[in-house]
Amino acid sequence: MCGDATNWNEDEYRERILKEREVHTRNVFRTAWAPSVNPSSDTIVVASSDGSVASYSISSCISKLPVGVGNTSGQRYLVAEPNGFLQGHEGPAYDAKFYLNGKDTLLLSCGDDGRIRGWRWEEIIRSDVPISLQGNHIDSVLDMVNPQHKGPWGAVSPVPEINAIAVDTRGGSVFSAAGDSCAYCWDVETGKIKMVFRGHSDYLHCIVARNSTDQVAFCFLILIVTGSEDRTARLWDCRSGKCIQVIDPEKDNKSKGLSSFVGCLTLDASESWLACGSGQCFSVWNLPASACISKTYNRASIQDLLFDDNQILAVGAEPLLHRFDINGKTLSEIQCAPQSAFSVSLNPSGVVAVGGYGGLVDVISQFGSHLCTFRCRRI
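A few points on the structure.

Rules of the game
- Residues numbered from 1 in each chain as written.
- Predicted model: local features only at pLDDT ≥ 70, side-chain atom pairs only at ≥ 80, totals over all residues.
- Heavy atoms only, no water.
- Helix = DSSP H or I, 4+ residues; strand = E, 2+ residues; numbered from the N terminus.
- Buried < 20%, exposed > 50% of the residue type's maximum accessible area, 1.4 Å probe, protein only.
- Contact = heavy atoms within 4.5 Å.
- Areas by Shrake-Rupley, 256 points an atom, 1.4 Å probe, with all protein chains shown as cover.
- Pairing = 2+ DSSP bridges.
- Axes fitted to C-alpha atoms, helices over the stretch in contact; angles between N-to-C directions.
- Core = buried A, V, L, I, M, F, W, Y, C linked by side-chain atoms within 4.5 Å.
- Phe/Tyr/Trp six-rings, centres within 6.5 Å; stacked < 30°, edge-to-face > 60°.
- Salt bridge = Lys/Arg side-chain N within 4 Å of Asp/Glu carboxyl O.

### Digging into the overall build of the protein
Thinking step 1. A count of helical and extended segments in the protein gives three helices and 29 strands.
Thinking step 2. In the protein, which comprises 379 residues, the share counted as buried stands at 53%.
Thinking step 3. Taking all contacts inside the protein whose residues are at least 6 apart in sequence as the whole, residues at least 24 apart take part in 48%.
Thinking step 4. Summed over its atoms, the accessible surface of the protein is roughly 18300 Å², and 50% of this surface lies on carbon and sulfur atoms.

As structure tokens, then:
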């Protein structure tokens, strides 16, 4: 029997379907734990494909879960409301990082609009503006835009996107990996570019900063490592802006795949070991020796990596959180909610957050149990 279509509204139906589709195709590109004096920080910040940068309370999410309900077994996940919301970018927000600690903490984000924006974290957490009215309620204290390039006959290129950022609090700098094949060093105080790193032949996916000590000169050095679509990673001296080492993870691979670009990088706590994700492979490099010590091949593309002491956490184009030892041996595989995961972040307490497709964030304890899984609510 057909329903009554007397009051049928085609426009409302179309709008509802499009909103539902947008929610389920939304991506979480970065999760970042907020700084806290307590090792078990309760707040996580999420950068998403809708350009938003939002914060969520994990304890609040856990308290709203029905007792005894599995978090990853079904498709009806908790839709969590943020406790802080910023409409950070026009287009996807790709990365988020915290700069400094305490009252001077800044929340930084970057995105497809080629901007790095920064807000005072204390203003965000103390805001009494209702969530439904948040978005542009807090003024950014930093707003840095990638330069455009002039071409023939005065043509100006679009603003290149910024795919990742890294921070150097000692030098007062933020480093960015841009879509024009360059990395930039920005001065936090002035918002101006201090240095440009040129050498890659294709756009950059990732960037990490390495603080090291020159044992000969007894001085403190800043190095950055960049990963590019040109299938290489490069180490740069931030004093001169020159490339000091080129890493080619696929150098000895005669059957390089189309997706073998360097998509993610991570340094261990000693900053002597670099893990480099390239397609379905990740390699581990000893930086002082400039040597690759292991290569590990995975079933699916690896999209983010993180050191946890002497182990490596990895996520990618499959619903699994992998844990490897430094030689690439699989230690564990944990099912996680996002069918494709773009970000893995580690809390000092050992809790891991995995973010990815569908606007999902899966929070997993150091023992492998799922504390909560939530879908980021659209504001």
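### Points about the sheet that holds strand E18 (residues 262–267)
Thinking step 1. With antiparallel pairing, the four strands of this open sheet are ordered in space as E18-E19-E20-E21. In this open sheet, the two strands that pair with only one neighbour each are E18 and strand E21 (291–297). Ignoring which end each strand starts from, the neighbouring axes of this sheet average 20° apart.
Thinking step 2. Two strands pair when backbone bridges link them, and E18 and strand E19 (residues 273–278) are joined in this way by five bridges, in the antiparallel orientation. Within E19, the residue paired with Thr266 across the bridge is Ala275.

### Considerations on the pairing of E19
Thinking step 1. Among the six residues of E19, five are classified as buried, and the element is accordingly described as predominantly covered.
Thinking step 2. Counting the residues in the hairpin turn of E18 and E19 gives five residues, including Glu271, whose phi is positive at 60°.
Thinking step 3. Inspection of the sheet shows E19 paired to strand E20 (residues 281–286) by six bridges, in the antiparallel sense. By the bridge assignment for E20, Trp273 is matched with Asn286.
Thinking step 4. With antiparallel pairing between neighbouring strands as the criterion, E19 and E20 make up a hairpin whose turn holds two residues, including Gly279 at a positive phi of roughly 65°.

### Section: unusual backbone geometry
Thinking step 1. Although it is not a glycine, Leu100 adopts a positive phi angle of roughly 70°.
Thinking step 2. Along the chain, the position of Leu100 falls in the loop between strand E6 (93–99) and strand E7 (106–111).
Thinking step 3. For Ser181, which is not glycine, the phi dihedral falls at a positive 75°.
Thinking step 4. Relative to the assigned elements, Ser181 resides in the loop between strand E11 (173–178) and strand E12 (183–187).

### Quick look at the nonpolar core
Thinking step 1. Core analysis: the biggest nonpolar cluster contains 19 residues, and Tyr56, Val361, Val363 and Phe374 have the highest contact counts within it.
Thinking step 2. When residues of this core are traced back to their parent elements, those giving at least two are strand E1 (28–33), strand E2 (43–48), strand E3 (52–57), helix H2 (58–63), strand E4 (78–80), strand E28 (360–364) and strand E29 (370–376).
Thinking step 3. Per-element accounting of this core gives the leading share, three residues, to E29.
Thinking step 4. Those residues in contact with Tyr56 that lie beyond four places of it in its chain are Asp42, Thr43, Ile44, Val46, Ala80, Glu81, Pro82, Asn83, Phe374, Cys376 and Arg377.

### Some thoughts on the side chain of Asp50
Thinking step 1. One can find Asp50 in the loop between E2 and E3.
Thinking step 2. On the basis of relative accessible area, Asp50 is assigned to the buried category, the value being 18%.
Thinking step 3. Dropping the residues within four chain positions of it, Asp50 is found in contact with Arg26, Gln87, His89, Gly91 and Arg378.

### Thoughts on the pairing of strand E13 (residues 193–197)
Remember that side chains alternate between the two faces of the sheet whenever the strand is regular.
Thinking step 1. Both E12 and E13 contribute to a ladder of four bridges, which runs antiparallel. Among the inter-strand pairings, Trp186 is bridged to a residue of E13, identified as Ile193.
Thinking step 2. Hairpin remark: E12 followed by E13, antiparallel, with five residues in the connecting loop; positive phi at Gly191, about 75°.

### A short note on the packing of aromatic side chains
Thinking step 1. Per the stated rule, a full pass over the model turns up eight aromatic pairs.
Thinking step 2. Between Phe197 and Trp236, the ring centres sit 5.7 Å apart and the planes meet at 65°, which makes this aromatic pair edge-to-face. Note that Phe197 is positioned in strand E13 and Trp236 in strand E16 (residues 233–237), a separation of 39 residues in sequence.
Thinking step 3. Among the aromatic side chains, those forming a connected cluster through ring pairs are Phe29, Tyr94 and Phe342.

### What about the sheet that holds E2?
Thinking step 1. Spatial strand order, E1-E2-E3-E5: four strands in an open sheet with antiparallel pairing. In this open sheet, the two edge strands, each paired with only one partner strand, are E1 and strand E5 (84–87). Averaged over all pairs of adjacent strands, the angle between strand axes in this sheet comes to 20°, irrespective of strand direction.
Thinking step 2. Bridge count for E2 against E3 is five bridges, and the pairing is antiparallel. The residue of E3 that forms the bridge with Ile44 is Tyr56.

### What to know about the pattern of salt bridges
Thinking step 1. Summed over all chains, the structure comprises 13 salt bridges.
Thinking step 2. Residues participating in the shared-partner salt-bridge network are Arg30, Asp95, Lys97 and Asp304.

### As for the environment of Ile224
Thinking step 1. Among the secondary structure elements, Ile224 is positioned in strand E15 (residues 219–228).
Thinking step 2. Ile224 sits in the buried class, given a relative accessible area of 0%.
Thinking step 3. Residues Ile224 and Asp168 lie 56 residues apart in sequence; the distance between their C-alpha atoms is 9.8 Å.
Thinking step 4. When residues no more than four places from it in sequence are discounted, the contact partners of Ile224 are Phe175, Ala183, Phe197, Ile207, Val208, Ala209, Arg234, Leu235, Trp236 and Cys238.

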